[in-house]
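Geometric and topological summary
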Amino acid sequence: MIPALIDVRPLRTSPLFRRLLAGRAVSMLGGFMTMVTVMYQVWDMTRSSAWTGAVGLAQALPLVVFGLFAGAWVDRADRRRIFLTATVGQAACSVLLAVQGFTGHVPVAAVLALVAAQSAFGALGAPAAGVFVPRLLPKDQVAAGLALNQITGQSMMLLGPALAGVLLGRLGIGACYLLDALSFGVAFYGAFGLPALPPRGEPSRAGVHGVLDGLRFLAGHRVVRGALITDLAATVLSFPVSLFPLVNAERFGGDPRTLGLFLSALAVGGVTATALSGTVTRLGRPGPVMLGAAAVWGCALVLFGLTTDPWLGLALLAVAGAGDATSVVSRSTIVQTRTPDALLGRVTAAEQIVGQAGPSLGNVRGGLVAGWAGGAGSLVAGGLLCLVAVGAVAVTAPELRDRAPGLAPPPVSPGSQ
């Protein structure tokens, strides 16, 4: 076996993980198909970019609003049962989307309501699924399991939209939604054989109190906090996607073929880095790897903002994508090995919110700065800010350089507060 290739030990040692990964792959394929189908349907119904922008809002708001409360619930109950319930809810929303897709004549607001409901079920299922890898795999295989999850998601992100484009033309809107509903059935089957997974340790308090306990943990744990801040540095301060059309016009003549390759270059870099992640996941040092990879992301974006050669620009974006993918795997490893199991649902929910909201805020930041500095100037400034923030995290959280992270001390019991 080539050491640099992705570590597949979890596939060999855990039949349950294999089933979960297969279910995740099929479900994510259906999810990306639905994302494209919803955008297509809403545009076809309204011919309005404002309405298509509202699709992203319908997907993001439930995650942000309900995410932490869902995490608190996950830390009070059997995570397997919650995930199965959420999966059934998401499948039901896809069935309803399919029904309206076949019948037509449904207001666009109703379509967005179904999208928001499905996202709300996803906000519940995501923190429940976040505990599966550390509970099913030995600690030295957690990073490898997360890398397998990462490459699965990236591969489906490349395949799903393209497949949706083909099937929309041949089968129509309703059939694409129906295929997504069936994909949730595979995810349900993948998780059905899991044992009960109640939280280990003191269960979360109900409602706001449980959410606040989770936030207190994040505020007080420098390593986990530093991991999430590093992700925010790479997204809020330097996310480049909203700048691509402007940079393409400024530097590369506005060629639509070049613009289309920008996102593909990021994805190809991410898939390649994850496929060759075996060496870094076996190191047992996710902190230094995360900081280094986030710095690579920032440096590559600075250089991309300075270059005028399209091929060099695409190569730099591939390097940035590789840094981002490596940083994500390492960040998730830190979160899932440094967080006590009784808090893992809430912390995973916070990680999901950061991952969802960070790029959106980064796109807004990029557009505002580009208004006075231009697209390339905004890219360079964002990359430099990312490097400064990553350096600050490295200085203020020296524990990130530890080789073998241990669990944080248990939270203060509610009765002693």
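Each value, and the rule that gives it
Residues numbered from 1 in each chain as written. Predicted model: local features only at pLDDT ≥ 70, side-chain atom pairs only at ≥ 80, totals over all residues. Heavy atoms only, no water. UniProt positions renumbered as here; feature names shortened; annotations may be inferred. Helix = DSSP H or I, 4+ residues; strand = E, 2+ residues; numbered from the N terminus. Rg over C-alpha atoms; globule rule 2.2 N^0.38 Å. Buried < 20%, exposed > 50% of the residue type's maximum accessible area, 1.4 Å probe, protein only. Contact = heavy atoms within 4.5 Å. Areas by Shrake-Rupley, 256 points an atom, 1.4 Å probe, with all protein chains shown as cover. Phe/Tyr/Trp six-rings, centres within 6.5 Å; stacked < 30°, edge-to-face > 60°. Lys NZ or Arg CZ within 6 Å of the ring centre and 35° of its normal. Expected span 1.5 Å × (residues − 1).

An unreviewed UniProt entry lists the protein chain under the name MFS transporter, with Streptomyces incarnatus given as the organism. UniProt, in its Subcellular location (unreviewed entry) section for the protein chain, records the words "Cell inner membrane".

**A look at the overall build of the protein chain**
In terms of helices and strands, the protein chain carries 16 helices and 0 strands. What you see for the protein chain is a C-alpha radius of gyration of 21 Å, in line with the 22 Å of a compact globule of 417 residues. Principal-axis analysis of the C-alpha atoms gives the protein chain an extent of 60 × 55 × 50 Å. Going through the 417 residues of the protein chain one by one, you find that 52% of them count as buried. Considering only intrachain contacts with a sequence separation of at least 6, the fraction spanning at least 24 residues in the protein chain is 86%. With the model as given, the accessible surface of the protein chain reaches about 17600 Å², and the carbon-plus-sulfur share is 71%.

**Describing the UniProt feature "transmembrane region" (unreviewed entry) in the protein chain**
As annotated in UniProt, the feature "transmembrane region" (unreviewed entry) corresponds to residues 21–43, 49–70, 146–171, 226–247, 259–277, 289–307 and 369–395 in the numbering used here. As annotated, residues 226–247 comprises 64% helix and 0% strand, and the C-alpha atoms at either end are separated by 31 Å.

**Notes on the environment of T337**
Summarising the element assignment, T337 is placed in helix α15 (residues 310–338). We classify T337 as buried; its relative accessible area is 6%.

**Here we look at the packing of aromatic side chains**
Taken as a whole and judged by the stated rule, the model has 5 aromatic pairs. When the centroid spacing of 6.2 Å and the interplanar angle of 85° are considered together, the rings of F244 and F304 count as edge-to-face. Taken as a pair, F244 in helix α11 (residues 244–251) and F304 in helix α14 (residues 286–306) lie far apart in primary sequence, 60 residues in all. Each member of the pair, F244 as well as F304, is classed as buried. Their ring planes at 85° and their centres at 5.5 Å tell us that F262 and F304 sit as a pair that is edge-to-face. In this pair, F262 is assigned in helix α12 (residues 256–275) and F304 in helix α14, connecting sequence segments 42 residues apart. Positioned above the aromatic ring of Y189 is the side chain of R19, whose terminal nitrogen or guanidinium carbon lies 4.3 Å from the ring centre.

**Observations regarding helix α2 (residues 15–46)**
Compared with the 46 Å implied by 1.5 Å per residue over 32 residues, the 47 Å span of α2 between its first and last C-alpha is a close match. Once α2 finishes, R47 follows within two positions and takes phi at roughly 50°, a positive value.

**Digging into the side chain of E351**
Inspection of the secondary structure puts E351 in helix α16 (residues 344–396). A relative accessible area of 6% means that E351 is categorised as buried. Non-local contacts of E351, meaning those with residues more than four positions away in its chain, are made with L228, R331, S332 and V335.

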